[in-house]
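So you can see what is in the structure, the chains are spelled out below.
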Amino acid sequence: MSVEKTLVLLKPCTVQRALIGEVISRFEKKGLRIVGLKFMQLDDAILTEHYAHLAERPFFPGLKESMMVTPVVALALEGIDAIEVVRQMAGATNGRKAQPGTIRGDYSMSGQQNIVHASDGPESAEVELRRFFREGEIFDWVNPLHRSLYATDEC
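The following refers to the structure shown. (Residues numbered from 1 in each chain as written. Predicted model: local features only at pLDDT ≥ 70, side-chain atom pairs only at ≥ 80, totals over all residues. Heavy atoms only, no water.)

### Observations regarding the pairing of strand β1 (residues 3–10)
- Judged by how many residues are buried, β1 sits mostly within the fold: six of eight residues are covered.
- The sheet contact formed by β1 and strand β3 (residues 72–80) spans eight bridges and is antiparallel. Residue pairing for β3: Val 8 is matched across the bridge by Leu 75. (Buried < 20%, exposed > 50% of the residue type's maximum accessible area, 1.4 Å probe, protein only. Helix = DSSP H or I, 4+ residues; strand = E, 2+ residues; numbered from the N terminus. Pairing = 2+ DSSP bridges.)

Given below as structure tokens:
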């Protein structure tokens, strides 16, 4: 068990469908701590960098276009095993295949318009957090409810 920070992007489909509060609320209710939050318009440069691993895929131009339709919400979340917890909460990438009860399973019918992007591991979380948050935009603060979220041997 380790305290981790991870990136979540609430995609334009989430913004358009007025699901921002609903999705953020699910992370908060789980006990993840918001340590960074901002509304930002993505551009070609940041999307080309962020999705470089998909650059040769035929859907890449459409993916970039869809991510620029509206601003996105960038979240830095923290908690014990936060990366795995967020990935489980997000569900399978394709919303049609995601289990009910997951964010994508409850709100998505698409593989691309799938509500959230979530870092897939510690290395990518570190890189992605630096990509979307400048120094001074991620905060360390004490959650007074911390002791009610975790057992003392977990902290």
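### Describing the sheet that holds β3
- On the basis of which strands lie adjacent, the open sheet formed by four strands has the order β2-β3-β1-β4 and antiparallel pairing. Edge positions in the sheet fall to β2 (33–40) and β4 (116–118), since each has one partner strand and no second. Sheet twist, expressed as the mean angle between neighbouring strand axes with direction ignored, is 20°.
- Where helix α5 (residues 82–90) meets the sheet, it contacts β1, β3 and β4, and its direction lies at approximately 35° from that of β1.
- Relative to β1, helix α7 (residues 122–132) is tilted by about 55°, and along the sheet it contacts β1, β2, β3 and β4. (Axes fitted to C-alpha atoms, helices over the stretch in contact; angles between N-to-C directions. Contact = heavy atoms within 4.5 Å.)

### Regarding the layout of surface pockets
- Approximately 430 Å³ is the volume attributed to the largest pocket.
- Contributing to the lining of the largest pocket are 22 residues, with Tyr 51, His 53, Leu 54, His 117 and Ala 118 lying nearest its centre.
- Counting residues per element, the ones that place at least two in the lining of the largest pocket are β4 and α7.
- Counting residues per element, the lining of the largest pocket draws most heavily on α7, which supplies four residues.
- Residues that form the lining of the largest pocket fall into these classes: six nonpolar, 10 polar and six charged. (1 Å grid on protein atoms, 1.4 Å probe; cavity = no way out; pocket = protein on both sides within 12 Å on 5 of 7 lines; lining within 4 Å. Points joined across faces, edges and corners; volume = space filled by probe spheres on them. Nonpolar A, V, L, I, M, F, W, Y, C, P; charged D, E, K, R; others polar.)

### Examining α5
- Along α5, the residues that are buried comprise Ala 82, Ile 83, Val 85, Val 86, Met 89 and Ala 90. Mapping the buried residues of α5 onto a view down its axis gives an arc of 165°, with all of them on the same face.
- Along its buried surface, α5 packs onto β1, α2 (20–30), β3, α6 (103–107), β4 and α7.
- The positive-phi residue at the C-terminal boundary of α5 is Gly 91, with phi of around 85°. (Arc of directions from axis to C-beta.)

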